[in-house]
Every structure is written in structure tokens, then in C-alpha cells.
Amino acid sequence: MRLDKFLVACAVGSRTEVKNMLKAGRVTVNGKKEKSAKLQIDEKIDEIRFDGQVLEYEEFVYYMMNKPQGVISATEDPKHRTVLDLLDDLARSKEVFPVGRLDIDTHGLLLLTNDGKLAHALLSPKHHVDKTYLAQVKGIMAQEDVEIFAKGIPLKDFTCQPARLEILYTDAEKNQSQICVTIAEGKFHQVKRMVAYCGKEVVDLQRLAMGTLILDENLQRGEWRRLTEEELEALLASIA
Ligand code: URA
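Residues numbered from 1 in each chain as written. Predicted model: local features only at pLDDT ≥ 70, side-chain atom pairs only at ≥ 80, totals over all residues. Heavy atoms only, no water.

Draft legend 1. Focus on the overall build of the protein. If you tally the helices and strands in the protein, you get 7 helices and 13 strands. Against the 2.2 N^0.38 benchmark of 18 Å for 240 residues, the protein shows a C-alpha radius of gyration of 22 Å, more extended than a compact globule. In terms of its C-alpha atoms, the protein occupies a principal-axis envelope of roughly 70 × 35 × 30 Å. Counting only residues that meet the buried cut, the protein has 46% of its 240 residues in that class. For the protein, the exposed surface amounts to about 13,100 Å²; the carbon and sulfur share of it is 49%. (Helix = DSSP H or I, 4+ residues; strand = E, 2+ residues; numbered from the N terminus. Rg over C-alpha atoms; globule rule 2.2 N^0.38 Å. Buried < 20%, exposed > 50% of the residue type's maximum accessible area, 1.4 Å probe, protein only. Areas by Shrake-Rupley, 256 points an atom, 1.4 Å probe, with all protein chains shown as cover.)

Set out below in C-alpha cells:
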């Protein structure tokens with residue numbers, strides 16, 4: 001990879017900062033001062049130092065984001081901002097991507113990583129990774145809906161696996177409910193379509209959990225952080 005990309009990926013600085021640091025002669029490659037940002041290096045073989053300190057390259061990174069509404073959970077989009085626009089240079093330089101999709105108007109837990117193997121395992125139907133959502137609903141959800149969810153809802157293009165619906169509260173006067181839904185799949189608009197099948201409408205949808213990973217309530221919408229070691233270990237163990 002290019003030397004400047006490597007330096008950004010090692011958290012030395014942003015692209016511009018790294019360029020200046022190279023110009024200032026603060027970087028050596030295999031003991032030789034190197035000023036060219038374009039130099040191709042092999043991060044597994046070459047020894048890169050910054051101000052004399054050897055840089056260690058971290059191949060895989062894992063971030064938890066509290067995705068806000070209005071951004072797309074994709075790596076690029078011709079019209080809208082994507083979740084990558086919320087990251088910083090270092091995270092972007094790692095070429096992370098979102099694991100699974102949330103609708104543009106859904107907010108909450110989103111995992112971003114460049115670990116394709118983990119992403120694939122989490123999304124594979126074989127692993128049945130549960131996703132839990134909190135939804136505000138227009139209409140009154142009832143016990144019969146709990147049973148409909150538990151049986152497996154037949155939608156037009158597929159039949160949902162049995163899902164758990166918990167009714168947190170209903171307000172007859174305002175004609176609204178709050179529910180918690182757990183599904184093992186992740187089909188397009190799935191929760192909204194399951195609720196619509198019961199004759200009600202999701203007006204706000206938030207993902208709270210994905211497998212062992214739980215949305216950090218200290219993360220404001222649009223904020224993100226690295227997974228802790230415990231979170232990562234639990235996630236990796238869950239798909240092993
Ligand atoms: N179900 C939906 O309907 N939308 C999402 O974004 C996620 C699950």
C-alpha cells in the first residue's frame with residue numbers, strides 16, 4: 001500500500017498532516033528517511049518508523065455506531081450522506097463497511113468493520129444472529145399480534161421465521177404503542193412489513209442489539225467508537 005495510507009491507518013495523522021510529516025523527514029522506511037507519500041510499502045515486511053518509533057499495522061478494526069436517521073448504511077450513495085461520512089480519516093482509511101443495512105429512517109446500532117469473515121458470519125442465515133428493535137407504532141398492538149409474530153408472518157415474497165414481539169405499552173387515547181421486536185433475519189424493511197401485516201404502522205425504528213452487541217446508550221446519534229475488547233471477544237465467540 002501507499003506510504004501515506006499506511007501512516008493514516010496507523011493513526012499518525014490525517015492525510016494532509018501525514019504529507020507534512022513526510023516532508024519534515026519524520027518518517028523512515030527500513031532505516032532510510034522517506035519523503036514520498038506515494039511510495040509503495042509492504043506493511044508485513046517493511047519497518048516503518050515515525051519519529052523513531054516503529055509503527056504497528058492493525059489489519060482489522062471494529063466500530064459501533066449509533067446511526068442517525070437521514071444517512072444511508074452503505075459505503076457510497078449518489079444522493080445521500082453515508083455512514084462513512086460520519087467516520088474520520090483513520091477509520092475510512094481502513095475501508096470499513098456496515099455489517100447489514102438499516103433503512104435511511106432507522107437509527108441505532110450499526111457495526112462497521114473491514115473484517116469480511118466476521119461480517120459474513122454475522123449476516124449468514126446459518127448463524128441466526130438475533131437483532132432487537134424498539135419501535136413506536138401507530139395503532140394498538142395486541143396479544144394476537146404476539147402470536148402472529150411467533151408463528152412466522154407470511155409476507156408477499158417470503159415467510160418470516162418465528163419472531164418475538166413484546167408490547168411495552170399501548171396508549172388508546174393517542175392510538176399508539178411501543179414494542180420490542182427480535183428477529184433472526186434481516187430482510188428489506190422486515191420489521192416495518194411485519195407490523196404492517198398486523199394492520200399497524202411503524203413510525204420510528206431503532207436497533208438496540210445485534211447478537212451479543214448492545215447499543216451503548218452513551219453514544220449520541222451520529223457518534224461511534226471502537227468496540228471494547230470484551231465486546232469483540234463476545235462477538236467473535238458467538239460465531240465461532
Ligand atoms: N426492519 C426494518 O423495517 N427496517 C430496518 O431498518 C431494519 C429492520
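Draft legend 2. Examining the site of the ligand more closely. Every residue close to the ligand is listed here: Leu102, Asp103, Thr106, Tyr133, His189, Gln190, Val191, Lys192 and Leu205. Taking Gln190, its main chain carries an N or O atom lying 3.3 Å from an oxygen atom of the ligand. The separation between an oxygen atom of the ligand and a polar main-chain atom of Lys192 is 3.1 Å. The protein chains hide 96% of the 240 Å² of surface that the ligand would expose on its own. Top contributing element to the shell around the ligand by residue count: helix α6 (residues 190-197), with 3 residues. Its residues assigned to classes, the shell around the ligand comprises 4 nonpolar, 3 polar and 2 charged. (Near = heavy atom within 4 Å. Polar contact = N/O pair within 3.5 Å; in protein donor to acceptor, adjacent residues only side chain to side chain. Nonpolar A, V, L, I, M, F, W, Y, C, P; charged D, E, K, R; others polar.)

Draft legend 3. Structural view of the pairing of strand β9 (residues 164-171). Where β9 meets strand β10 (residues 176-183), 7 bridges bridge the pair, whose relative direction is antiparallel. Note that in β10 the partner of Thr170 across the bridge is Ser177. The hairpin formed by β9 and β10 contains 4 residues between the paired strands, and Asn175 there has a positive phi angle of roughly 55 degrees. (Pairing = 2+ DSSP bridges.)

Draft legend 4. Region of interest: the nonpolar core. Phe149, Ile179 and Val195 are the most contacted members of the largest nonpolar core, which totals 34 residues. Mapped onto the domain boundaries, this core takes at least three residues apiece from domain 2 (62-125 + 213-238) and domain 3 (131-210). When sequence neighbours within four positions are dropped, the list of residues in contact with Val195 reads Val137, Met141, Phe149, Ile179, Lys200, Glu201 and Val202. Grouped together as the second largest cluster of nonpolar side chains are 18 residues, Val99, Ala119, Ala121 and Leu235 included. (Core = buried A, V, L, I, M, F, W, Y, C linked by side-chain atoms within 4.5 Å. Domains from an automatic or database assignment. Contact = heavy atoms within 4.5 Å.)

Draft legend 5. Inspection of the side chain of Ser73 at higher detail. Note on placement: Ser73 falls in the loop between β5 (62-67) and α3 (89-93). The class for Ser73 is buried, based on a relative accessible area of 2%. Only 2.9 Å separates the side chain of Ser73 from the backbone nitrogen of Leu102, close enough to count as a polar contact. With near-sequence residues (within four places) excluded, Ser73 lies in contact with Lys67, Val83, Pro98, Gly100, Arg101, Leu102 and Leu110.

Draft legend 6. Broad picture of the sheet that holds strand β3 (residues 48-50). Taken in spatial order, the 4 strands make up an open sheet running β2-β1-β3-β4, and their pairing is antiparallel. Each edge of the open sheet is held by one strand with a lone partner, namely β2 (32-33) and β4 (53-54). In this sheet, β4 lies alongside β3 in antiparallel orientation, the contact comprising 2 bridges. Paired with Arg49 across the bridge in β4 is Val54.

Draft legend 7. Highlighting helix α5 (residues 143-151). Within α5, the full set of buried residues consists of Asp145, Val146 and Phe149. All buried residues of α5 fall inside an arc of 105 degrees around its axis, so they share one side. The exposed set on the far side of α5, more than 90 degrees from its buried face, consists of Gln143, Glu144 and Lys151. (Arc of directions from axis to C-beta.)

Draft legend 8. Region of interest: unusual backbone geometry. Although it is not a glycine, Asp51 adopts a positive phi angle of roughly 50 degrees. The topology assignment puts Asp51 in the loop between β3 and β4. The partly exposed category is assigned to Asp51, whose relative accessible area is 46%.

Draft legend 9. Spotlight on the environment of Ala11. Locating Ala11 in the fold gives a position in the loop between α1 (3-9) and α2 (15-23). Of the residues examined, Ala11 reaches a relative accessible area of 53% and is grouped as exposed. In the structure, Ala11 is positioned 149 residues away from Cys160 in sequence and 43 Å away in space, judged by C-alpha atoms.

Draft legend 10. Highlighting α2. Among all positions in α2, only Val18, Met21 and Leu22 are buried. Along α2, the residues classed as buried sweep out an arc of 100 degrees about the axis, all on the same side. For α2, the exposed residues lying more than 90 degrees away from the buried face are Thr16 and Lys23. The inward-facing, buried residues of α2 abut α1, β1 (27-29) and β3. Gly25 sits one or two residues past α2 and shows a positive phi near 75 degrees.

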